[in-house]
Every structure is written in C-alpha cells, then in structure tokens.
Amino acid sequence: MTKFIFVIGGVMSGVGKGVSVSSLGALLEAHGYRVSAMKIDAYINVDAGTMNPTEHGEVFVTEDGDETDQDIGNYERFLGENIHTTNYVTTGRVYQKVIEDERNLKYGGRCVEVVPHIPEEVIRRIRLAAKKAKADIFLIEIGGTVGEYQNILFLEAARMMKVTEPGNVAFVLVSYLPTPPHIGEMKTKPTQYAARGLNAAGIQADFIVARSSEPLDEPRRRKLGIFCSLEPGAIISAPNVDSIYELPLLFAREKFGEKMLIKLGCRVRTPQMKTWQSLVRTVKGVKDEVRIAIIGKYFLTGKYTLSDAYISVIESLKHAAWYWKKKPVFEWLSAEDYEHDPRKLRELDRFDGVLIPGGFGSRGIEGKIRAIQYVREKKIPYFGLCYGMQLATIEFARNVAGLADAHTTEIDPKTPHPVIYANPYQMQNIINKRYGGTMRLGSYPCSLTKGTIAQKAYGASRVSERHRHRYEFNNAYWDRLEKKGLRFSGIYSAKKLVEIIELPSHPFFVGVQFHPEFQSRPFRPHPLFREFLKAAILRKKKK
Ligand code: GLN
C-alpha cells in the first residue's frame, strides 16, 4: 500500500517548500522507505520549457526528456534518484488529456465536467507516478500557496484521495512566520489563516512546517497548535539554515520522520543519517575559498539579483568544491558590461575559474564571446555548458581559425560561417513554429575519445548526459577547427553530433553541448565539475 503525503504552501511562495519536500523525503528514505516525489504546477503551460527563467527559475530536464520545474532537481539531488516525466503535472497537461479523451469518446457519452473529471485525472496521474516509482511513500508538492484560486482543483483531488483512503494520506502545510523588524516578534496569524484556508478546501493539515528566521519557541508552537487544531508536536520548526543540506538533519532532530510514519501507520525504524551528517560537517567546515565567476543573464529582476535560474549549476559547483574540501564563492557577472567596456574583462583575473551556463537569444552574446577569448588566452579555467560550449566554438572559429563573423544561426542566420546551426530536422520545427517540447531533450549517449580531459575525468568510454538545445555543432567545420587545435572529445556516435570540445593546450577549457548540472549529486559530484574545480584550485595555488 503506497502512502501519500501532500505538501502545500502557506502565506507566500519561496520559503523552501521544494527543499522541505526533498528533505522530508530524504529523511523517510533514511528511515528505510522507498520514496519518490511529484510536483504539480498550476500553470497552463504544458511544460516549463516555454517559461522565462528569470520569472520561473531554472528549467530542469529529466533523463526521459521532460522540461520541468526546478523542484524536480531538488528531489533528484536529495533523494538520489532520477525522477521521470510522470512526476511532473501542470494544469495544461491535465486539461490536454481530459479534452483528448473526450474527443476520443473515452467518456462514453457522459457530460465531461471540471468536477469531478479534472480532479480524477489529477488522481490518476498521482497514482500512476507512485506506481511507476514503486514508492512506499509518495510526496506530492502542490505549487504556489493555499488560497490561490488556480490550486483549488488540485486541493480537491487531494481531499478526494483522503476520503477514499483516510489512513494512507497525510497533509503538510509549509508556512511562513514573519518577524517584522518594527515589532520584533514572530507572528503566527498569517499561518493560522493559511491553515483555515486549507480547512475551507476540506483539508486539515496533519503537520505544519513553520519556516522562520529563528527557531520556534514554545508559546508560538502552542498557539499554532491551538488555532490550527494540532498537537504542539505536529508543528515542525524549520528556521533558516546556512545550507539546504542541513534540513534533513533538522527534520530528524524534530522527529518529523518518526511522527509522519506513525501518522501513516508505518513501522518506525531508526533513521540512518550518517551520510547527511558527514556532508553537513564538510559544508560547515570548509574555509579555504575557491572563486568562480558565472557569466549569465537570467539573474537581474528589477533591483534584485536572483540565482534561481542557475540553481543546478550552482549546486553542482558546490558539490564539486566540497569534494575537494573547499568553500565555493560565486559572483554573477553580466556579459553586457564587456560589450560597453572591454577593459572590464580584467576583472576575470580575480577568479579561479569562469563558467558560462546555458542560454538563449542574443543579449550579451558578444560580451560572452569576449570573455571566452580572454580566459582562453589568459589560461583561466573555463567550463562552458550548452550555449557556453557553442559560444566557445564560435570564439575559437573567429579568433584562432580566422573565420571572421563565424556565428550560430540562432543569432545570425546569414553568417558566412555557421559553425553552430540548426540541422534539417530542427529547421522544420523552426519553419513550422513548432517550439514547445521540440528541442533535443533528455539523455543521449556520448562516446568519449581516449586520452582527452573529458575521457579521463569520467574514467569511462561511454556516458549518458541530458540535453536541451535546438542548435548543434556544424560538422562542415570539424577539420578546420581540429587542425587549429580544438579537440572533439565527446560524440553522439549514432548521429555524429559533437557533444564535448576541449583545448589540450589549456589547463582546463571544456565545453559541453549537454547539461551536466542535472546529474550532479551532493554525494556524487559530476566528474567534469569535479575536474573544473580541481583546475580552479590549482590556479589559485599558483597565484
Ligand atoms: N540557445 C542554444 C540552443 O538552443 C543553447 C541552449 C542552451 O544553452 N540550453 O541550441
């Protein structure tokens, strides 16, 4: 019998609901259960691929090629398992299926209505995903917060599941407790309203995860209990932590796993927290810094700098730095600055390594190409992911191979040297404006050339990596660039597509067409991130 835990947000988004789901999942795993997790987003977008990362955060890609919410990445990192497309649901997907079924006469002449058919389709998806994952315990995170109109049908699905199998379903409200500076006291009222909001949807929370800057004190624990109809023990204090990886341990101290298992009628075994403890010891113990510059564009919103769009990249860099017992320090650099003032490039000298992550479109492109030229010539370790690989190829073509105006056809369709281009298959998608879900997506095998930086890093001859891009390296330029010293070290053999480029004459200059950041785990850093950090640390030592 699978047990289901619904996790719902209260008061506001961005308080760490995804990390709470992941941490509770990790804790229940440590108790000896098979756990998986699912995310439900209220967007009509069928997938996250069509959403702007500045607004919505990173688009995470699953191995089976789905473009999902970044929370799926948290689940993968905390649960140590690959999450599949079945575990991501949007309003768009639900309606698409119901309408399709109606067109195919699957409803056998009945009236098809929002209630019950939409919640029923949501429930079908939840059960299917839990079954596929062979989960003992299945967590379902509902995006956004209680009280948002667009979440009502998901809450209705959750309520219906509770009615049909009361002993197998539990509800967690992850809510925020503000401490307004002018009052100086932590306030519980907004969370009380959130709990009442859930009641209005026919749901009583079994636990409240109280997110706050400081740990919850006894009076507030009691108050929340009384006004939200819970025992004080069902209120889990979750104050801010330095590292998200502390949360499973914090939940263990609150006996959250134990309490949840009792609630669900499961046997309680002592949780094995050793691996988490040693990870957190490392995270908190590292002092010696390694400085990495990330040159991107999806982090400025108004007056604020957000790094959500690159969350997997940042986590991967952390995993790799911790592997070498170093403290990673990041700085966000804006490529456009280098276009206005090339002298600014000198700021790159301060860093031990420079990374250019994936991206789309023309903003800041020439600045990035200048930055790549700078780090190539100055022998600063460089790691280019997807667009970062394509731009490195363009830079090399222009400045080393003498192919003036070499470009990607994404930006300049008329370039005399399309070193990066859309192959005929992708051209058809572009011509027919078939954009959603049509990039090269998900895992592809990559064969590695013996003796290259990449091959040595992986210590394998064939690996599998996840993709999300429309454009590719143009093999018409293979010989010309190779002659000038560019090495093609990873290939998707079936289609002869270039997956990895590198410069043997440089301490570390590697570009990958795929997204290695989606496969790095806190307990298993990705080999290429690990080697990039190694080169960065070496540069620091030499400085
Ligand atoms: N814009 C490039 C492409 O579509 C790179 C995409 C990416 O970096 N994810 O091929």
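Here the structure is a predicted model, which means the values were calculated and not measured. (Residues numbered from 1 in each chain as written. Predicted model: local features only at pLDDT ≥ 70, side-chain atom pairs only at ≥ 80, totals over all residues. Heavy atoms only, no water.)

Novice: I'd love a proper account of the pairing of strand β2 (residues 35-41), names of residues and values included.
Specialist: Burial runs high along β2: seven of the seven residues are buried. The alternating pattern of β2 places Val35, Ala37, Lys39 and Asp41 and Ser36, Met38 and Ile40 on opposite faces, both of which are buried. The sheet contact formed by β2 and strand β6 (residues 137-145) spans six bridges and is parallel. Bridge pairing in β6 places Val35 opposite Ile137. In this sheet, strand β5 (residues 88-90) lies alongside β2 in parallel orientation, the contact comprising three bridges. Across the sheet, Ile40 pairs through a bridge with Val89, a residue of β5. (Buried < 20%, exposed > 50% of the residue type's maximum accessible area, 1.4 Å probe, protein only. Helix = DSSP H or I, 4+ residues; strand = E, 2+ residues; numbered from the N terminus. Pairing = 2+ DSSP bridges.)

Novice: Give a detailed account of the packing of helix α4 (residues 91-103) against helix α5 (residues 114-132), specifying residues and quantitative values.
Specialist: Axis separation between α4 and α5 bottoms out at 10 Å; the angle between their running directions is 110°. It follows from the interaxial angle that α4 and α5 lie roughly perpendicular. Handedness of the crossing formed by α4 with α5: right-handed. Contacts from Arg93, Val94, Tyr95, Lys97 and Val98 of α4 reach α5 at Val114, His117, Ile118, Glu121, Val122, Arg124 and Arg125. Its residues placed into classes, the contact of α4 with α5 shows six nonpolar, one polar and five charged. (Axes fitted to C-alpha atoms, helices over the stretch in contact; angles between N-to-C directions. Parallel < 35°, antiparallel > 145°, perpendicular 65-115°, else oblique. Left-handed = near helix turned anticlockwise from the far one by under 90°. Contact = heavy atoms within 4.5 Å. Nonpolar A, V, L, I, M, F, W, Y, C, P; charged D, E, K, R; others polar.)

Novice: Describe the side chain of Ser175, naming the residues involved and giving the relevant values.
Specialist: Considering the arrangement of structural elements, one finds Ser175 in strand β7 (residues 169-176). A polar contact is formed between the side chain of Ser175 and the side chain of Thr191, at a distance of 2.8 Å. In this structure, Ser175 is in contact with Gly10, Val11, Thr191, Ala194, Val209, Ala210 and Arg211, ignoring residues within four places of it in sequence. (Polar contact = N/O pair within 3.5 Å; in protein donor to acceptor, adjacent residues only side chain to side chain.)

Novice: Quick rundown of the packing of aromatic side chains? Include the residues and the values.
Specialist: Taken as a whole and judged by the stated rule, the model has 19 aromatic pairs. Summarising the aromatic geometry, the rings of Tyr323 and Trp324 are spaced 4.9 Å apart at their centres and angled 85° between planes, so their arrangement reads as edge-to-face. Note on Tyr323: relative accessible area 45%, which makes it partly exposed. An aromatic cluster of three or more residues is present, and its members are Phe78, Tyr245, Trp276, Trp322 and Phe523. The positively charged end of Arg269 is found above the aromatic ring belonging to Tyr33, 4.8 Å away from the centroid. The ring of Tyr323 carries the charged tip of Arg530 above its face, separated from the ring centre by 6.0 Å. (Phe/Tyr/Trp six-rings, centres within 6.5 Å; stacked < 30°, edge-to-face > 60°. Lys NZ or Arg CZ within 6 Å of the ring centre and 35° of its normal.)

Novice: Hey, could you go over the sheet that holds strand β20 (residues 472-473) for me, with residue numbers and the actual values?
Specialist: As summarised here, the arrangement of the three strands in space is β16-β17-β20, forming an open sheet in which the pairing is mixed. Unpaired on one side and paired on the other, β16 (406-408) and β20 mark the two borders of the sheet. In terms of strand pairing, β16 meets strand β17 (residues 417-421) through three bridges, oriented parallel. Bridge pairing in β17 links His407 to Pro418.

Novice: Run through the sheet that holds strand β13 (residues 327-334), naming residues and quoting values.
Specialist: Taking strand neighbours across the sheet as the criterion, the nine strands line up as β13-β10-β14-β15-β23-β22-β21-β18-β19 in an open arrangement whose pairing is mixed. Every other strand in the sheet has two partners, leaving β13 and β19 (462-469) as the edge strands with one partner each. Ignoring strand direction, the axes of neighbouring strands in this sheet form an average angle of 25°. Taken together, the eight bridges between strand β18 (residues 440-448) and β19 define a ladder with antiparallel strand orientation. Its bridge partner being in β19, Arg440 is matched across the sheet by His469.

Novice: So what about the pairing of β17? Which residues, and what values?
Specialist: The pairing of β17 with β20 spans two bridges and is antiparallel. Bridge pairing in β20 places Ile420 opposite Phe473.

Novice: I'd like to hear about the nonpolar core, residue by residue, with values.
Specialist: Counting residues in hydrophobic clusters, the biggest one holds 97 residues, and the most contacted among them are Ile5, Phe6, Ile126, Phe251 and Phe256. Tallying contributions element by element places helix α1 (residues 17-30) first for this core, with seven residues. In this structure, Ile126 is in contact with Phe4, Phe6, Met38, Ile40, Phe138, Ile140 and Met161, ignoring residues within four places of it in sequence. Of all hydrophobic cores here, the second largest spans 43 residues; its members include Leu333, Val354, Ile380 and Leu486. (Core = buried A, V, L, I, M, F, W, Y, C linked by side-chain atoms within 4.5 Å.)

Novice: Now, about the site of the ligand: what can you tell me, with residues and values included?
Specialist: Every residue close to the ligand is listed here: Gly358, Gly359, Phe360, Cys386, Tyr387, Gln390, Glu410, Arg468, His469, Arg470, Tyr471 and His515. The backbone of Tyr387 places a nitrogen or oxygen atom 3.0 Å from an oxygen atom of the ligand. His515 is positioned with one of its side-chain polar atoms (N or O) 3.2 Å from a nitrogen atom of the ligand. In isolation the ligand has 300 Å² of accessible area, and contact with the protein removes 98% of it. Elements with a contribution of two residues or more to the shell around the ligand: α15 (387-399) and β19. Of the residues belonging to the shell around the ligand, the class tally is four nonpolar, five polar and three charged. (Near = heavy atom within 4 Å. Areas by Shrake-Rupley, 256 points an atom, 1.4 Å probe, with all protein chains shown as cover.)

Novice: So, the environment of Lys3: which residues are in play, and what are the values?
Specialist: Its location among the elements puts Lys3 in strand β1 (residues 3-10). Between the alpha carbons of Lys3 and Ala170 there is a distance of 8.1 Å; along the sequence they are 167 residues apart. Among the polar contacts listed, one links the side chain of Lys3 to the side chain of Asn168, at a separation of 2.7 Å.

Novice: Summarise unusual backbone geometry; cite the residues concerned and give the values.
Specialist: A cis amide bond links Val115 to the next residue, Pro116, at an omega of 10°. Residue Lys255 is not a glycine yet carries a positive backbone phi of 55°. Along the polypeptide, Lys255 turns up in the loop between α9 (247-253) and α10 (256-263). Judged by relative accessible area, Lys255 falls into the partly exposed class, the value being 44%.

Novice: Tell me about α5, and name the residues and values.
Specialist: Between its terminal C-alpha atoms α5 stretches 26 Å, which fits the 27 Å expected from 19 residues at 1.5 Å a residue. Listing the buried residues of α5 in full gives His117, Ile118, Pro119, Glu121, Val122, Ile123, Arg125, Ile126, Ala129 and Ala130. The inward-facing, buried residues of α5 contact β1, β2, β5, α4, β6 and α6 (152-164). Just downstream of α5 lies Lys134, where phi reads positive at about 50°. (Expected span 1.5 Å × (residues − 1).)

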